[in-house]
Amino acid sequence: MPVPDLERWRDEFPILARSVYMISNSLGAMPRKTAQNLAEYAETWATRGVRAWEERWWEMPLEVGNKVARVIGAPAGSVSMHENVTTAHLVALSCLHPTPARGVLVCSEMDFPSMMYLYRAQQAAGYELRIVPAEADLTVRTDRMLDAIDGSTAVVALSHVLFRTSYIMDAAAIIARAHEVGAKVILDTYQSAGIIPVDVTALETDFAVGGCLKWLCGGPGNAFLYTRPDVLAKVRPAFTGWVSHRAPFAFDTGPMDDFARGDAMRMMNGTPSIPAYYAALAGLDIINEVGVDRIREKSQRLSARLLALVDEYGFHSAASRDPRRLAGTVAVNVPDALQVARTLKARDFVVDYRPPVGVRISAHFYNTMEEVEAVMAEIKDIVAKKDYTAGDARASLVT
Ligand SMILES: Cc1ncc(COP(=O)(O)O)c(C=O)c1O
């Protein structure tokens, strides 16, 4: 069953000509144009030097943030850019102040470990953690999340799509419950933005974090933070710095209260990572041009085929069988899954491995039905023959 639509974009991603690239849940393919944009960055630095700051660079976080805003349904001027999601999350947390009466941070056991380390560290700042346990199938039940949120909840840190299983949480219901009891929400869209429709405005979340590295094909160093406009008007992040000042070059050392920017750059702190922003431009433009609705439609067709082949070959998958609950990744569990994943990578089928779900396979808009068939046939072959490639020793560090 060919899926000819959207395949014209394949030429824009060089790595697709040399490998079956199904790892956009981890690192999206680099657009061809990114090389030009990075060359432009180098040329600007080489020829304009420090003048580049006033000519483009200083406001570039907003330029990139506005492209992200289009993807996630946010208004222009509401998205700031940060080094990584952990940092962006800390900026949001630094706007909130736990009290003895309202000091609980609700999260789930299936959140990304870096976020869990950050939440645990917040206990020193006065938060009490309430971690909602996962089910045997590695999903988290909405009713358990709802039950965990009460009048003592200061903040709900909600992973929109769980990274292990790609399970889509019922963000609308959980955010509504949080607001009902007066709690704030920080929504982690890292595994949702760019692969399933996300509308932060309709969801009314207070904050949303995410990054361009994965589904947005923007490379590392491009995490974002959305702050709802009415929240933005009031907040004062404790993790702040001169980039959030309306007149940074006045070098005033007095309190910033009356001088903070009104737009999302209020949420920033130190000197922005300019080369990363150049790297993010092309991917964001492509995602916006293709449109997340069309991306979702294609990804669902490819994932359905992946799951049909999982069943046909007798493998296991932690993926939800309800297509409305499954985002972009299908985990395929087979014996010796880590070795199978490494062997696949060595044979130019680029996937990854996460315990305990096995080989993670992500079909983005630029993948084809033929690639889905090919990667599954390759897994079947490796499993049958137990013919593992030793692979690169460094692969034990990054799986
Ligand atoms: C859902 C989710 N949240 C957070 C992170 C961590 O992001 P960062 O390394 O940018 O802090 C990841 C990383 O893969 C993730 O998948």
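Just so it is clear, the structure is predicted and the values come from calculations on it, not from any experiment.

1. A short note on the overall build of the chain
Of the regular secondary structure elements, the chain holds 13 helices and 12 strands. Relative to the compact-globule value of 21 Å for 399 residues, the chain shows a C-alpha radius of gyration of 22 Å, a close match. Along the first, second and third principal axes, the C-alpha atoms of the chain reach 70 × 55 × 40 Å. Buried positions account for 47% of the 399 residues belonging to the chain. Contacts spanning at least 24 positions in sequence make up 72% of the contacts within the chain whose residues lie at least 6 apart.

2. Looking at the site of the ligand
What surrounds the ligand is a group of 13 residues, the closest being N84, V85, T86, F112 and Y190. Those elements giving two or more residues to the shell around the ligand turn out to be helix 4 (85-93) and helix 5 (113-121). Here the residues of the shell around the ligand sort into six nonpolar, six polar and one charged.

3. Re the packing of helix 12 (residues 337-346) against helix 13 (residues 369-385)
It is the contact of helix 12 with helix 13, at a shortest axis distance of 10 Å, that shows an interaxial angle of 125 degrees. Taken together, the axis directions place helix 12 and helix 13 in an arrangement best described as oblique. Note that helix 12 runs across helix 13; the crossing there is right-handed. Listed contacts from helix 13 to V340, T343 and L344 of helix 12 are E378, I379, I382 and V383. Among the residues forming the contact of helix 12 with helix 13, the class breakdown is five nonpolar, one polar and one charged.

4. A closer look at the sheet that holds strand 9 (residues 329-332)
Each strand in a sheet pairs with another by means of backbone hydrogen bonds, the pair being arranged parallel or else antiparallel. Pairing within the open sheet is antiparallel, and its three strands lie in the order 9-12-11. Two strands in the sheet have a free side with no partner beyond their single neighbour: strand 9 and strand 11 (352-354). The average undirected angle you get between the axes of adjacent strands in this sheet is 40 degrees. By the bridge criterion, three bridges tie strand 11 to strand 12 (residues 358-362) in an arrangement that is antiparallel. By the bridge assignment for strand 12, D352 is matched with R360. Each of strand 11 and strand 12 is contacted by helix 12, which is oriented at about 40 degrees to strand 12, the strand it contacts most.

5. Considerations on unusual backbone geometry
In this chain, P355 is followed by P356 through a cis amide linkage whose omega measures -5 degrees. In this fold, P356 is placed in the loop between strand 11 and strand 12. The phi dihedral of S166 falls on the positive side, at around 65 degrees, and the residue is not glycine. Given 26 C-beta atoms within a 10 Å radius, S166 is considered buried. The backbone of E204 shows a phi angle near 60 degrees, a positive value even though the residue is not glycine. For E204, the position within the fold is in the loop between helix 8 (200-203) and strand 7 (207-211).

6. Here's the deal with the sheet that holds strand 3 (residues 104-108)
Spatially, the seven strands line up as an open sheet ordered 2-8-7-6-5-3-4, and their pairing is mixed. Edge positions in the sheet fall to strand 2 (79-82) and strand 4 (128-132), since each of these pairs with one other strand and no more. Mean inter-strand twist for the sheet, computed between neighbouring axes without regard to direction, equals 20 degrees. Bridging between strand 3 and strand 5 (residues 153-159) involves three bridges; their strand directions are parallel. For L105, the partnering residue across the bridge sits in strand 5 and is V155.

7. With respect to the nonpolar core
Membership of the largest hydrophobic core comes to 122 residues, with the highest contact counts inside it found for I72, V156, V209, L225 and V359. Element by element, the count of residues in this core is highest for helix 10 (residues 274-290), at 10 residues. Mapping this core onto the domain boundaries places at least three of its residues in each of domain 1 (7-30 + 291-392) and domain 2 (33-288). Ignoring sequence-local partners within four residues, the contact set of V156 consists of V106, I149, I174, A178, A183 and V185.

8. Here's the deal with the packing of helix 4 against helix 5
The N-to-C vectors of helix 4 and helix 5 enclose an angle of 35 degrees; their axes lie 10 Å apart at closest approach. The chirality of how helix 4 crosses helix 5 is right-handed. Here T86, H89 and L90 of helix 4 come into contact with helix 5, specifically with S114, M115 and L118. Taken together, the residues of the contact of helix 4 with helix 5 break down into three nonpolar, three polar and no charged.

9. Here we look at the pairing of strand 7
Among the five residues in strand 7, five count as buried, and that is most of the element. By the bridge criterion, three bridges tie strand 6 (residues 184-188) to strand 7 in an arrangement that is parallel. Opposite L187, over in strand 7, you have A208 as the bridge partner.

Reading the values: rules and limits
- Residues numbered from 1 in each chain as written.
- Predicted model: local features only at pLDDT ≥ 70, side-chain atom pairs only at ≥ 80, totals over all residues.
- Helix = DSSP H or I, 4+ residues; strand = E, 2+ residues; numbered from the N terminus.
- Rg over C-alpha atoms; globule rule 2.2 N^0.38 Å.
- Buried ≥ 20, exposed ≤ 12 C-beta atoms within 10 Å, placed from the backbone.
- Contact = placed C-beta atoms within 7 Å.
- Near = placed C-beta within 6 Å.
- Nonpolar A, V, L, I, M, F, W, Y, C, P; charged D, E, K, R; others polar.
- Axes fitted to C-alpha atoms, helices over the stretch in contact; angles between N-to-C directions.
- Parallel < 35°, antiparallel > 145°, perpendicular 65-115°, else oblique.
- Left-handed = near helix turned anticlockwise from the far one by under 90°.
- Pairing = 2+ DSSP bridges.
- Core = buried A, V, L, I, M, F, W, Y, C linked by C-beta atoms within 7 Å.
- Domains from an automatic or database assignment.

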